[in-house]
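This is what each chain is made of:
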Amino acid sequence: MSTARTAGSGPHIALIAVQIMFATWPVLGKIALRTLPSLSLVAFRVFGAALALSAIGAATRKVGAIARSDWGLLILCSLLGIVFNQWLFVKGLSLTTAVNATLLGTTIPVFTLLVSIILGNDTASGRRIIGILVAAAGVVYLIGPEHADLSHGAGDLLIISNSLFYGTYIAISKRLVDRYNALTVITWIFILGSLPTLPVGLMSFAKVSVRDVSVTVWLSVAYIVLVATVLCYYLNS
């Protein structure tokens, strides 16, 4: 295999790895939610990721400042892509199955395209629509729709709402990513996201006996933070 071909396949391998790691997050999330309240899990994930990404940024010197004129958009992106997105997703995950959460997550590209079209940033070309449908069909086929449980209406509705918020975040964050590198944007978004999620999560965690939190749950939280969040976003940047 030539060096050029190997280099060319690198980004594709990274993207596949990111999708695999990200897909494990609902499974590990269900394990953590056996003991932890949903708001506490969100706090651990967001604050832990903010700390880790800040450390990576300091070590690599790739995280810079955001201009004051962009802070309004940055705060909106943090609310949509982190705060409300995570509160809705994790609460929905606690009320539904990991399979349902993964299947319903395939609606994110659809919402992203719809919002982009409404904002005038994109057009609904046949190629893009077919690509979304093929990708969604692939996820459904791999997971198997026969494993889906349609009896979790409230949880499923929260997951779909989360997809709408996250799709909107992707659509409106393009201007920030174009102006700054992706690591800078995502690090600041997590830092801002930790401001509301951490105190709410700690108040929720105060009701839990630390003795009841097993090693398996803590390891699941560590995986969610370091692998299914930090490593995924870092490879995507």
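Residues numbered from 1 in each chain as written. Predicted model: local features only at pLDDT ≥ 70, side-chain atom pairs only at ≥ 80, totals over all residues. Heavy atoms only, no water.

### Observations regarding helix H2 (residues 25–32)
Of all eight residues in H2, six are buried; the element is thus mostly enclosed. Within H2, burial applies to Trp25, Pro26, Leu28, Gly29, Ile31 and Ala32. (Buried < 20%, exposed > 50% of the residue type's maximum accessible area, 1.4 Å probe, protein only. Helix = DSSP H or I, 4+ residues; strand = E, 2+ residues; numbered from the N terminus.)

### Comments concerning the packing of aromatic side chains
Where two aromatic rings form a pair, the distance of their centres and the angle of their planes describe that pair. In this structure the tally under the stated criterion is nine aromatic pairs. Here phenylalanine 44 and phenylalanine 205 contribute two aromatic rings whose centre-to-centre distance is 5.4 Å and whose plane-to-plane angle is 80°, an arrangement assigned as edge-to-face. You can see phenylalanine 44 sitting in helix H3 (residues 38–60) and its partner phenylalanine 205 sitting in helix H10 (residues 182–205), a full 161 residues away along the chain. Owing to a relative accessible area of 24%, phenylalanine 44 belongs among the partly exposed residues under this scheme. With a relative accessible area of 15%, phenylalanine 205 lands in the buried category. The structure contains a cluster of three or more aromatic residues connected by ring pairs, namely Phe44, Phe205 and Trp218. In this structure, arginine 45 is placed above the aromatic ring of tryptophan 25, and the distance from its NZ or CZ to the ring centre is 4.6 Å. (Phe/Tyr/Trp six-rings, centres within 6.5 Å; stacked < 30°, edge-to-face > 60°. Lys NZ or Arg CZ within 6 Å of the ring centre and 35° of its normal.)

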